[in-house]
Amino acid sequence: MRIGGWLAWRRARETDDLNEELGAHLDMAMAERIARGESPHDAKLNARRDFGNPGLAQELARDQWSVVGRWIEQASQDARFAARTFCRAPAFTAITIATIALGIGASASIFSVVNSVLLRPLPYPHAEQLVRLEDDYLATGARDVGMSTPEWRDLQRSGAFSAISPTWFDNNNLTGQAHPERVGLLIVAPNYFSLLGVQPQLGSVFDRNDPTPGFNGQVVISDGLWKRAFGSDSTVLGRVVQLDSDSYRIVGVMPPGFQAPERASGARGTEVWPAMGFAGNPITTWAQRSPLFPGAIARVRDGLSIADAQRRVDALVETLRHQYPADYPATIDWRVRLVPLRDYILGDVRQPLLFLFGAVGLVLLIACTSVANLLLIRATARSRELAVRQAMGSGPSRLMRQLLTESVLLSLVGGALGVAIAYAARGSILHWVPDSVAQLNAVTMDWRVVLVAFGLSLVAGVLFGLAPMAQVRRLDLTNVLKQEGRATTGSGDQQRTRRALVVAEFAVSLTLMVAAALLVRSFRELLNAPLGFDPHGVTVVRTRLPYPNDSTEDLYPNAGAEAPLLREIIRRGSALGGVREVAVGSGAAVPLDHPEQDQAVLRLVLDRRASANNGDNTPVWTTASEVTPEYFHLLRIPLVRGRLFTSFDTDSSPLVAVVNESMARQYWPHVDAIGQRVKTSPRATQWTTIIGIVGDTRSDSVTAPRHPQIYASLYQRQGKHLAIFVRGQVETGAIERNLREQVQAINAALPVFGARSLDETVTASLSPRRFAMMMIAAFAAVALGLASLGIYGVVSFMVTERGQEIGVRVALGAQRSDVLRLVMRQGVEVALIGAGVGLVGALAAARVMAGILYGVRAWDPWTFTAVTAGLVSVAIVACYLPARRALRVDPLLAMRG
Amino acid sequence: MVRRSPPTSRIELLQGTLDLIILQTLRWGPAHGFGIMKMIQSQSSNTLQVETGSLYPALQRLLRQRVIAAEWSVSASNRRIRIYRLTAKGRERLAAERSQWKRLTEVMAALMQRPASDEP
């Protein structure tokens, strides 16, 4: 603005200077003539005549000015003129700006999410060096099985990394306060924070070379816990806290907003970080080469790419496999995979987000098309004005620039409004983003979003400015000017362009609508999918038994010791008001909601004498959960054959298990699974006998109807993370309070938390899908609205320009229906062609979407037919409204023109 | 660019020659626009008449090319006038264009004196 002002001032000064110079010239010429003897009057006249047109001289002199200066002057002229024209056509201007604002606003909103989730690097220095290490058993298909301490040490010596830290998420009971609280705990190596390159806001982090084999007794806590449990007390450093009856000293407080770079949202919310060497108390099995902790994060050594590091790791793995053939048999094909930390955290949100981004791109495309159409209609209406200006000496390039200025001006105003809309809507967008979308970076509108929004609107402005420009090039002065005051008709070419644009709009709308319809149908199918269990009226409340580091202090060291607690919880729970049934299970027993630390995947060794492949002792991987006998009835999981657990299956009786139908079918395809024996780990000494088969449940994901699942009795295999299942007329808040009272009456150190109805859990497990569905549906609605507006515009413009013809037809006896048919045919034709093109696009889109659809075929004929029919009927309505005006045409008025 | 009146005695300037003429005129010393016009008229014995509509755009063009410079002064009749003078760059340009002009006139003269039979 300042530069523009300065230029204007300079221009004004130069014009003054030129005027003065030319004035002096005239004076001198006059003086010379008077000196030659002419009368002052004649001298003045003659001097002026000789001088020529002073304005022309000035204009020509001005032409010599800098290109930029001239350009800015003309641009500001164009802009002022454009602003005046817009004020004269407020309806057109408002609709156009609103359309652009809608398109840009939607794009900017989605982009702000994509930007913070996918584009911005993780908030750590040199985040590109950070990786997650995942162990795979490729041959068995098992991925990310976890890592052992010897492997961790070998990898540290590989030279590929500057640091590696295991991360092991767990819940813990924070005691010593009014009532015990459950906190998220991430057990890490002492080098964890220096590996990430983060500093605490208070105190220090661990000494990264701390050689303590077990827990070193220090913890770093989160800002949230510091504020909540310690009232932001700055003397908290050095204070001792009780976690699961063990004492730890607080050494540091992390800054606000710091999240652990983990995939599971629970682990990201870690509040306490204890450090340990993973080679001592309480872990006794640390020297074994079998998975101990879930995984590790690492920083690749400076100067190495991730691919280089992967090669070194591969070489190391190869050596280790030769060195320890018993631990790494060729039959499991052990590998260690380096995953860029950001990819690991993002998991599978990249696909849906990019999908959304594509959809919003289509919406923007429609918005641009609509605006191009509006501008085109307007340019047609203005062709007379343009012709007059051209006749008076405006070059075509000057006229085109005028039109371009107008469209760019419109798009920039629309873009600004769009950014404002996105800014206002950022709260509600966040509300719809599911928790599973990692937001290590807060979703904000940064300069990048604003830049992209304005860039988009500028590009859009130029693009849809091009449409009417083609028209100026073909402007036929004589014809347009000859038409005197009459409304001008668009040429055949213009009509075609306009219709092509509306066809494009309908095509894109249909694509989006089919995508939305398929997603909605999938979602409905999922909601109605038989879960295999009955979630209605079931509430789950959680508790957790402590894991003291010194096992002699453990009140519940085995199933036998835990049994009385479980029986007491069930007895007291059943006595609560409104409660009809109570069962207890391990965390993994809660369908559709098992955080990482609850996931129990067993390495089962089948007794292969009777199974499919004889003598093969390769372990198989199966999800497992431990439950009390009441569990199956409470969740209405049907017994297919055999028997369920009874109160006689205890730690002193033979080990028994129940499997689901998928497991029975998969592992004992030819024999009866009942009576077969398995070992629950390769090192187990006792065999477990299968006593019953129950129905499959969708406990892993609503979309996965069957996967092998084994159930053990909680009275035989203990669980420390417990879920209390309650069926009855209860309110979640009240049942949590009541159960807490009852559980803490048994043991005051047990936290009771996380009450949630199972219905809610089922719904929440679908929330990422719901998010995608809602967004696509919203986009489809916007697209349909814009396309309808487009067809409305085309038909109503046609009614205006052919008013005379219609009048003649009516005067000659055309019936209402004839007129209606005449007018509507054009609009409906356009809609049908658009739908046809859109069907092709929709087929392609559906193919891409096939992976995320459920219970509905990608090329579902019913959906395609219904959506197309819907679109065409909307188009007919959009045509009918302006077509009605054609019926009201007064033949007399129309013909008089 | 230059008005032909009367048509017989006045000649039209070739494109670009006005710039050369202005530079040549300014070689004798700084001058204002009117002065330059008069000097061209008198030195060409009134054969060349430069119009203000050509002169001032040319002056602006030469200013932009930095071959002439201008400063404001006050005339005898107490009017602010713009005085133009040649710059060092202008002297170089003038020297170059003069030798070019010389070669062009020689070539043109030679071409024009050829017998008619040479023409195809």
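From a predicted model like this one, the values you see are computed outputs, not experimental measurements.

Moving on to the overall build of chain B. In terms of helices and strands, chain B carries four helices and three strands. Along chain B, from the amino end to the carboxyl end, the secondary structure elements read α-β-α-α-β-β-α. Relative to its full complement of 120 residues, chain B shows a buried share of 25%. A separation threshold of at least 6 residues defines the contact pool for chain B, and within that pool the share at least 24 residues apart is 51%.

Check the secondary structure of chain A and you find 27 helices and 21 strands. Here chain A holds 897 residues, and 40% of them are scored as buried. Across chain A, every contact between residues at least 6 apart in sequence was considered, and the portion connecting residues at least 24 apart equals 82%.

Another point: the interface of chain A and chain B. Residue-level contacts link 17 residues of chain A with 16 residues of chain B. Elements that contribute at least two residues to the side of chain A that touches chain B include exactly helix H1 (2–35) and helix H3 (54–63) of chain A. Broken down by element, the residue count for the side of chain A that touches chain B peaks at nine residues, all from H1(A). A per-class count over the side of chain A that touches chain B returns 10 nonpolar, three polar and four charged.

A word on the packing of helix H1 (residues 17–26) of chain B against helix H4 (residues 88–112) of chain B. Residues and elements named next belong to chain B. The interhelical angle for the contact between H1 and H4, taken along N-to-C directions, is 120°, at an axis separation of 10 Å. The orientation of H1 relative to H4 falls into the category oblique. Pair H1 / H4 crosses with left-handed handedness. Taking contact as the criterion, the partners of Leu20, Leu23 and Gln24 in H1 are, on H4, Gly90, Arg93, Leu94, Glu97 and Trp101.

Further remarks concern the environment of Ala589(A). Residues and elements named next belong to chain A. Checked against the element boundaries, Ala589 lands in the loop between strand S12 (579–586) and strand S13 (601–606). Note on Ala589: 27 C-beta atoms within 10 Å, which makes it buried. Along the chain, Ala589 and Glu626 lie 37 residues apart, while their C-alpha atoms are 6.6 Å from each other. Each residue touching Ala589, except ones within four places of it in the same chain, is listed here: Ser625, Glu626, Val627, Tyr631 and Ala723.

Turning our attention to the sheet that holds strand S3 (residues 80–86) of chain B. Residues and elements named next belong to chain B. Reading across the sheet, the three strands line up as S1-S3-S2 and stay open at both edges, with antiparallel pairing between neighbours. Across the chains shown, the open sheet's two edge strands, defined by having one partner strand only, are strand S1 (31–32) and strand S2 (68–74). Strand direction decides the pairing type here: S1 and S3, joined by two bridges, are antiparallel. Bridge pairing in S3 places His32 opposite Ile83. Where H1 meets the sheet, its contacts fall on S1, S2 and S3, and the angle it forms with S3 comes to roughly 95°.

Turning to the environment of Val799(A), a few remarks are in order. Residue and element names in this part refer to chain A. Among the structural elements, Val799 can be located in helix H23 (residues 767–801). Owing to 20 C-beta atoms within 10 Å, Val799 belongs among the buried residues under this scheme. Remark: the alpha-carbon pair of Val799 and Val823, spanning 24 residues in sequence, is separated by 7.0 Å. If near-sequence neighbours (up to four positions away) are discounted, Val799 is found in contact with Val823, Pro882, Ala883, Arg885 and Ala886.

Moving on: helix H2 (residues 40–51) of chain A. If you check H2(A), its first and last C-alpha atoms are 16 Å apart, about what 12 residues at 1.5 Å a residue would give, namely 16 Å. Just downstream of H2(A), Gly52(A) is the residue with a positive phi angle, here 85°.

Attention now goes to the nonpolar core. All names here are of chain A. Core analysis: the biggest nonpolar cluster contains 158 residues, and Val363, Leu512, Ile776, Phe779 and Ala783 have the highest contact counts within it. Inspection of this core shows a minimum of three residues originating in each of domain 3 (349–527 + 767–896) and domain 4 (556–746). Contacts of Phe779, omitting those with residues within four sequence positions, involve Ala106, Ala359, Val360, Val363 and Leu512.

Here we take up H1(B). All names here are of chain B. Three or more residues of H1 are buried, namely Leu18, Asp19, Ile22, Leu23, Thr25 and Leu26. For H1, the angular spread of the buried residues around the axis is 160°, confining them to a single face. Against S1, helix H2 (33–43), helix H3 (52–64), S2, S3 and H4 lie the buried residues of H1.

All names here are of chain A. Buried residues dominate strand S19 (residues 709–713), accounting for five of its five residues. Burial of the side chains of S19 extends over both faces: Gln709, Tyr711 and Ser713 are buried on one face and Ile710 and Ala712 on the other. Bridging between strand S14 (residues 620–627) and S19 involves five bridges; their strand directions are parallel. Within S19, the residue paired with Val627 across the bridge is Ser713. Where strand S16 (residues 656–660) meets S19, three bridges bridge the pair, whose relative direction is antiparallel. Residue pairing in the sheet places Val658 in a bridge with Tyr711 of S19.

Caution applies to low-pLDDT regions: their predicted coordinates should not be interpreted in detail. Residue and element names in this part refer to chain A. Considering every residue of chain A, the mean pLDDT works out to 83; 89% of them sit at 70 or more. Mean pLDDT across the secondary structure elements of chain A bottoms out at H3, with 62, and peaks at helix H19 (residues 631–634), with 96. Overall, residues 484–488 carries pLDDT values under 50, and its contacts beyond four positions in sequence, including any with other chains, amount to eight contacts.

Looking now at unusual backbone geometry. Among all residues except glycine, the phi angle is most often negative; among peptide bonds, the trans geometry is most common. Residues and elements named next belong to chain A. Here the phi dihedral of Ser232 falls at roughly 55°; this positive angle occurs in a residue that is not glycine. Positioned with a positive phi, Arg636 is a non-glycine residue whose angle comes to about 60°. With respect to the element layout, Arg636 can be found in the loop between H19 and strand S15 (639–642). Take Arg636: there are 15 C-beta atoms within 10 Å of it, and that puts it in the partly exposed class.

Residues and elements named next belong to chain B. Relative orientation of the contacting elements H2 and H3 amounts to 115°, with a least axis distance of 11 Å. Once H2 is placed against H3, the crossing between them reads as right-handed. Each of Gly33, Ile36 and Met37 in H2 lies in contact with H3, whose residues at this interface are Leu55, Tyr56 and Leu59. The class makeup of the residues in the contact of H2 with H3 is five nonpolar, one polar and no charged.

What follows covers the confidence of the model for chain B. Residue and element names in this part refer to chain B. On average, chain B scores 79 in pLDDT, and the residues at 70 or more come to 82%. In the model, residues 1–9 has pLDDT below 50 throughout and makes 16 contacts with residues more than four positions away in sequence or in other chains. This prediction of the complex comes with two scores: 0.67 for pTM and 0.82 for ipTM.

Criteria and thresholds
- Residues numbered from 1 in each chain as written.
- Chains lettered and ligands numbered in written order.
- Predicted model: local features only at pLDDT ≥ 70, side-chain atom pairs only at ≥ 80, totals over all residues.
- Helix = DSSP H or I, 4+ residues; strand = E, 2+ residues; numbered from the N terminus.
- Buried ≥ 20, exposed ≤ 12 C-beta atoms within 10 Å, placed from the backbone.
- Contact = placed C-beta atoms within 7 Å.
- Nonpolar A, V, L, I, M, F, W, Y, C, P; charged D, E, K, R; others polar.
- Axes fitted to C-alpha atoms, helices over the stretch in contact; angles between N-to-C directions.
- Parallel < 35°, antiparallel > 145°, perpendicular 65-115°, else oblique.
- Left-handed = near helix turned anticlockwise from the far one by under 90°.
- Pairing = 2+ DSSP bridges.
- Expected span 1.5 Å × (residues − 1).
- Core = buried A, V, L, I, M, F, W, Y, C linked by C-beta atoms within 7 Å.
- Domains from an automatic or database assignment.
- Arc of directions from axis to C-beta.
- pLDDT = per-residue confidence, 0-100.

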